[in-house]
Each structure stands twice: as structure tokens, then as C-alpha cells.
Amino acid sequence: MTIFNKLLSWQGPKWRWLLPILLVLLFLATLIWLPWQAQRMEATDRQEQLIADTLWVEQAIQFQLNRNEEILRLAGNEIVNSHLTPHAVLDRFRALMKSNREIQRIVWFDDNDLMLVSTSDSPLPPKSTLIPARGESELAHGKTQCLPPALEANSKNSYVLSCHIPLVKDNARMGSIVVTYRLAGILEEMVPWWFAQDNEISLIDADEKVYADRSAGGSGKNVYTHNRALDLPGAQLSLRTNSNKSEPKLLANLLVLSVILLSIGLIWSLAALWRDINRRLAAEGALRQQVAFRAAMENSLVTGLRARDMEGRLTYVNPAFCKMIEQPAEQIIGRLPPMPYWAPEAIAEYQQRFTQLLAGTVPSEGFETIYQRANGERFPVLIYESPLVNEHGVQTGWMSSILEISELKRAQELSRQQEEKLHDSARLATMGELASMLAHELNQPLAAISSYTTGAMNLIAAGGSDQDLLQQALGKANTQAQRAGQIIRSVHEFVKKREPSREPVCMASVIDDTMPLIDLQAQPYHVAIQLDIAPALPQVLADRVLLEQVLLNLTRNAIESMQNNPPARRVLRIEAKLAAADEQTVAHSTIIVSVADLGHGIPADVAEKLFSPFFSTKSGGMGMGLKICRTAIEFHGGTLTHQQNPAGGTIFRFALPVDRPSA
């Protein structure tokens, strides 16, 4: 027992090594057998392919020869039945030769073997090479008989094959047609070029004598060959193909090296695949994180987002948009216009914008429109459109951002109302300052009226008869009354509270209507007023009262700035002129109104804050006058600026666009 265990312990390591050695030997045998088997399989495949191609070529040649024979037999039937003249027969033969260049000549013999028609001008070879000996069986059945190949006349290596087609009617021989083929022409015209490129093709007899040969790709290697007999009665010809491909070579060293390289490549591929999998997993994780981040960001937005394809079909909406229109995403995604959130009264506008979007004319700026919720409630929105482009730079649709601007509209309306209140307050503040001057101004015409009427009454009481003097007194009293009424009407129109209304107005008329109030402000300070109004100024689309307020504010500031000037430098100049961008038209022109004073001017530090609200250099000022002036001018689409007066003081200038006449 101990000896047996020792033997096992001695033989154990050998048996353990035997299996790996057998596996290695099996692997090496497989490496040797596989290339050999692959070589044999490739050789077999090449041989089988050559046989199949040879059979196909042989059938193609046989088909063309049979077709030519059939055509000639049809012509022979017409000849036998006297339907064709010799001239017509010749034309028929030449037409056949034109489409089949492998035919050298076609000859028609009568029943005495005398030539009637020949397509060749050269002398015919001996009749023994054209017409076989007559046999009764062939004559009775009218079978075609081909003679053995013969050398072509005046040629050493060019063989021709002549086939005799007997013409029989009622078992009587009526003549024959002999068609002669160039054997080289058969190979040239009937064998495809691709087959001749890979093989050497020959026409041989039973003794393997070569009558014609074609080798476009070089001589055959005699490795892959095949012979195929042609079915030609009386002529034993075969089609022999000899491939120019050599036998597959067994490159053992290259195979071993390729196995080693493939093994190394496999290991490298596995390592690269492992690295690529790790990278892909990391990228997918990052992508999922980004998708989650984007989804969280889009879900937290209050801005509605929607995506549409090139046909206008909705492909994506975010929760904010669904909440805005009060409809779930699954009910609107995939839909084409008209959309359920379109307001019926704005369908025409939506269709027009949708047509422009499909045409590619996306507006660069946002546009306002109205949408409706599921319950029919309308709400204003601001929409921004932009092209949606994929990673290849190709546009796939459009992305839209939709903002609900209901709160913005309410804030704008509230701001407008506040501005109107400021304008009203400014007008009332201005009238507070004018109240004392108005009383003084009205005292003069009222006192004059009293004096004139008292004098008239005295004339009447005295029984005076001077009618002219009495008429002059009453006329002057009437003039003073009209002056007082004009002052009161101007003040009444200025302080009257009403909604702003923009209409075409003449700037010269606005200045002229405001002059009584401007004179009223200028009289206490003894300020002289100069007017320079250009003639025939075009109209502007504006609110007359707002413009009058601007003029009163600017002129009041100018008058107050000159109160400490010497009397000679208390001059207020008001100008109005047309500034055209194009001298040929006023369609894009502006009217410039300037208010210039000779006062103390505006320091640089004050000029920076001049239009700020609640900033004033006056001890009792609110600091809203110039702010209200600028707001009013910008409400009309104009601008209000100031600059230093070269003669001293300041020039305030506002520009208003000219009202364009409707087309």
C-alpha cells in the first residue's frame, strides 16, 4: 500500500502536467489544421466558382449560336416560300452580322450548291470547307451540320467555324445557308470582360488543339481549370477555362504572428472596453445627474417653456406652462395648431405668426399676445422664439419662452395712474404759484373796465351827445374784458383734470395758447420774451395739456433763474423748428423746441441729478418738475435734454416726432 501511494505521489505531477500539454498540442494542431483547412476550402470554392462561371459562359455562347441559327432558319423559311428576294436576303444577313460581330460571313446556296448571295466580297474558300457531304438523314430532317474548324483565308492562326443550315421543303432540298464564325470573335464577343480578366479562355478540340484563345488578365496558372463541351453537330469543340489565380499559400509564420497580435489586440481591446465601459457609466451618471438637475430647474421655473418641431407640432412643455394654461401636458403634446390655449378672438394673429414661424422668420424680439386658460379666462403673455438646433447644427424646431405679464400690466397701469396724479399735482402746484400773479393781472383789466364804464355812465348822465367818445370807452372796456376772460380760460384749461389724449396738434398753436400764462409768470420779474417759430411746422401726435405743462415748467425755471440778472439780461427765448433726417421728406423728422435763458446756469454736479425725482435746488421745491417734464416728453416718443447757453445760462430742448400721415 505504501509503495502504491509512492507511485501515485511520483506520477501525480506528471499527470497534472499532461492535461495542459495536451491542451497546448490541441491548440497548436488546431492552428495548423485551420489554415490548411481554410486553404483547401478556398481552393474548393475557387474551383466550384470556376466551374459555375464556365457553365454560365458556355450556356451564353450556346444560346447566342442557337439564336443566330433560329434567325437564319426563319429567313430560310421565307426564302423557301419565295417571300424574300436575293436583295432582301442580303439585307437580312447584313443586319444579323451588324449585331453579331463574331459572324464572318453568311452565304446562300441554291439546291445545286451554287452561291446566290454572300455577305463577303472576298472569294469563298473551297466548298468542302463550307458544305458537308449530303446525307439523307440530315437532308430529311434539315439538321444543322458544322464542319471542323479551318484556317481563315490569308491567315495563319485565325480559325473559322462554318455551320451548314439546309433549306428543305416537302422533303426536297431547296438550297442551304452557311454561316461562318470567327472562333476568336466568339470569345471576344460572347465572353464577359470580367470573366476574361480572371481566366484564360480557349476553344479546343478532342486532341486539345487550341483554335482560339483569350487572356485579358494574363496566362492561366493551370491550378484551377475546367473543360466544357459545346453542343455543335459535326464539330467537337470544348470551352476550356484556366484561372490565372494561384493556389492559396500557407504562411505559417505570418499566421502565428497574427495569432499573437490578435491575442495582444484582444487583451488591449478588453482593457479598452473596460475603460470605455467605466467612462460610459460615468458619462451616463453625469447625464442622469444633469437631466435631473435640468428637470428640477425647469420644474422650478415660473417661465413657461415649449418646444415645437418643424411642422409646428408640440414636442415638450414644462410644468410652468401647463400651470399657466391649466391643462396637463399629455393633452397638448403632439398636437398641431390650432391650440386649445388660443383665444378665439386672436385666431387670425396666431395663424399669421404660425405661418411666419414655419417660413423661418422668427422675430428677434419678444411679442405680446393673449392666451386663455381651461376655464376661458384670458391673460396677457410675452413670448420669445428661438430656433432649436441639434448637435449637427441642423434646425429641428423652435423653443419658446412664455411669460405671463398680468402683474406687469397691472403694475404699468398703476404707474401710469401715479404719473397722471403727479402731472395733476404739478399743474395744481403751478397754479398755486400763479394765483397771486393772476389776481394782480386781473386787477388791471378789471380796473380799466371799471374806469371805462364809469366814464361812459358819466357821459350818459351828463346827456352828452358825443357818440364816438362813448363808443371808444365801451370798446376799450370790451377789450379788457376779453383779455381777462382769455387769462381765466387759459388757467381753466391748464388745471382741468382729464385723461391724456394724443391727437394731431400744431406746436405753434400750443406755444401761442400757453403765452398768456408765460407772460403772467414773466411780468413780476420784468423778463422779456422772444419768440422764433418756424413757419408751416408739421403737426405732432401729442396731448396738448401735457405739452403746455412742459412749456410752463421750463419757462418758469428759466424766468426764476434770471431774477437776479440786470434788466438787460432778463431775456427768455423760445424757438421751434423742424429738424429733418432726410431733407427730401419729413416722414422721419422731428420738431425741436428750445427754451433758452441767460441765468446762472447749471453746475456739473447738479446736472448729474437734474432729472432725478425729489431733487431740487429751490428751498420750497418738490424736485418733481423736470422729472415730470421728461416723463411727459418720453410718453410722446421724444427726448428732453439740456446744455449750456453760449451767451450764458441754460438751454432746455425737447424733440417730438412728426405725426406721419396714414397711407
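These remarks concern the structure in this document. It should be emphasised that the depicted structure is a prediction, and the values quoted were computed from it without experimental measurement.

### Description of the overall build of the chain
Phase 1: The helix and strand inventory of the chain stands at 15 helices and 22 strands.
Phase 2: Counting only residues that meet the buried cut, the chain has 37% of its 663 residues in that class.
Phase 3: Long-range contacts, defined here as pairs at least 24 residues apart, represent 59% of the contacts in the chain between residues at least 6 apart.

### Thoughts on helix 13 (residues 544-561)
Phase 1: Relative to the 26 Å expected for 18 residues at 1.5 Å per residue, helix 13 spans 26 Å between its end C-alpha atoms, a close match to the ideal helical length.
Phase 2: For helix 13, a buried count of 15 out of 18 residues is recorded, marking the element as mostly surrounded by other parts of the structure.
Phase 3: Sitting at the amino-terminal end of helix 13 is D543, which places a side-chain oxygen 3.0 Å from the backbone nitrogen of L546.

### Describing empty space enclosed by the protein
Phase 1: Using the criterion set out here, one finds 1 cavity of 30 Å³ or more in the structure.
Phase 2: Empty space within the largest cavity amounts to approximately 180 Å³.
Phase 3: Within the residue set of the lining of the largest cavity, elements represented by two or more residues are strand 11 (304-309), helix 9 (347-358), strand 13 (367-372) and strand 14 (378-389).
Phase 4: In the lining of the largest cavity, the residues fall into 8 nonpolar, 3 polar and 4 charged.

### Digging into the sheet that holds strand 8 (residues 210-214)
Phase 1: A sheet is described by the order of its strands in space; here 4 strands give the open sequence 8-7-10-9, paired in antiparallel fashion. Of all strands in the sheet, those with a lone pairing partner are strand 8 and strand 9 (225-229), marking the two edges. Mean inter-strand twist for the sheet, computed between neighbouring axes without regard to direction, equals 20 degrees.
Phase 2: Sheet topology note: the strand 7 (residues 199-204)/strand 10 (residues 238-243) ladder contains 6 bridges and is antiparallel. Residue L203 lies in a different strand from strand 10, and its bridge partner there is L239.
Phase 3: Along the sheet face, helix 4 (residues 183-190) touches strand 7, strand 8 and strand 10 and points at about 30 degrees away from the line of strand 8.

### A word on the packing of helix 12 (residues 507-522) against helix 13
Phase 1: Contact pair helix 12 / helix 13: the axes reach a minimum separation of 9 Å and the direction vectors enclose 40 degrees. Relative to helix 13, the element helix 12 is oriented oblique. As for the relative orientation of helix 12 and helix 13, their crossing is right-handed in sense. In this structure, helix 12 contributes M507, S509, V510, I511, D513, T514, L517, I518, Q521 and A522 to the contact, and helix 13 contributes R544, L547, E548, L551, L552, T555, R556 and I559.
Phase 2: Grouping the constituent residues of the contact of helix 12 with helix 13 by class yields 10 nonpolar, 4 polar and 4 charged.

### Some details on the pattern of salt bridges
Phase 1: Within this structure, the stated rule accounts for 15 salt bridges.
Phase 2: Notably, a salt bridge pairs R92 with E78, separated by 3.2 Å at the nearest N-O pair. One end of the pair, R92, is in helix 2 (residues 86-99); the other, E78, is in helix 1 (residues 2-80), with 14 residues separating them in the sequence.
Phase 3: Take E78: its relative accessible area is 27%, and that puts it in the partly exposed class.
Phase 4: The shortest N-O distance in the salt bridge between R544 and D513 comes to 3.0 Å. Residue R544 is located in helix 13, and its partner D513 is located in helix 12; the two are separated by 31 residues in the primary sequence.

Parameters and conventions
- Residues numbered from 1 in each chain as written.
- Predicted model: local features only at pLDDT ≥ 70, side-chain atom pairs only at ≥ 80, totals over all residues.
- Heavy atoms only, no water.
- Helix = DSSP H or I, 4+ residues; strand = E, 2+ residues; numbered from the N terminus.
- Buried < 20%, exposed > 50% of the residue type's maximum accessible area, 1.4 Å probe, protein only.
- Contact = heavy atoms within 4.5 Å.
- Expected span 1.5 Å × (residues − 1).
- Polar contact = N/O pair within 3.5 Å; in protein donor to acceptor, adjacent residues only side chain to side chain.
- 1 Å grid on protein atoms, 1.4 Å probe; cavity = no way out; pocket = protein on both sides within 12 Å on 5 of 7 lines; lining within 4 Å.
- Points joined across faces, edges and corners; volume = space filled by probe spheres on them.
- Nonpolar A, V, L, I, M, F, W, Y, C, P; charged D, E, K, R; others polar.
- Pairing = 2+ DSSP bridges.
- Axes fitted to C-alpha atoms, helices over the stretch in contact; angles between N-to-C directions.
- Parallel < 35°, antiparallel > 145°, perpendicular 65-115°, else oblique.
- Left-handed = near helix turned anticlockwise from the far one by under 90°.
- Salt bridge = Lys/Arg side-chain N within 4 Å of Asp/Glu carboxyl O.

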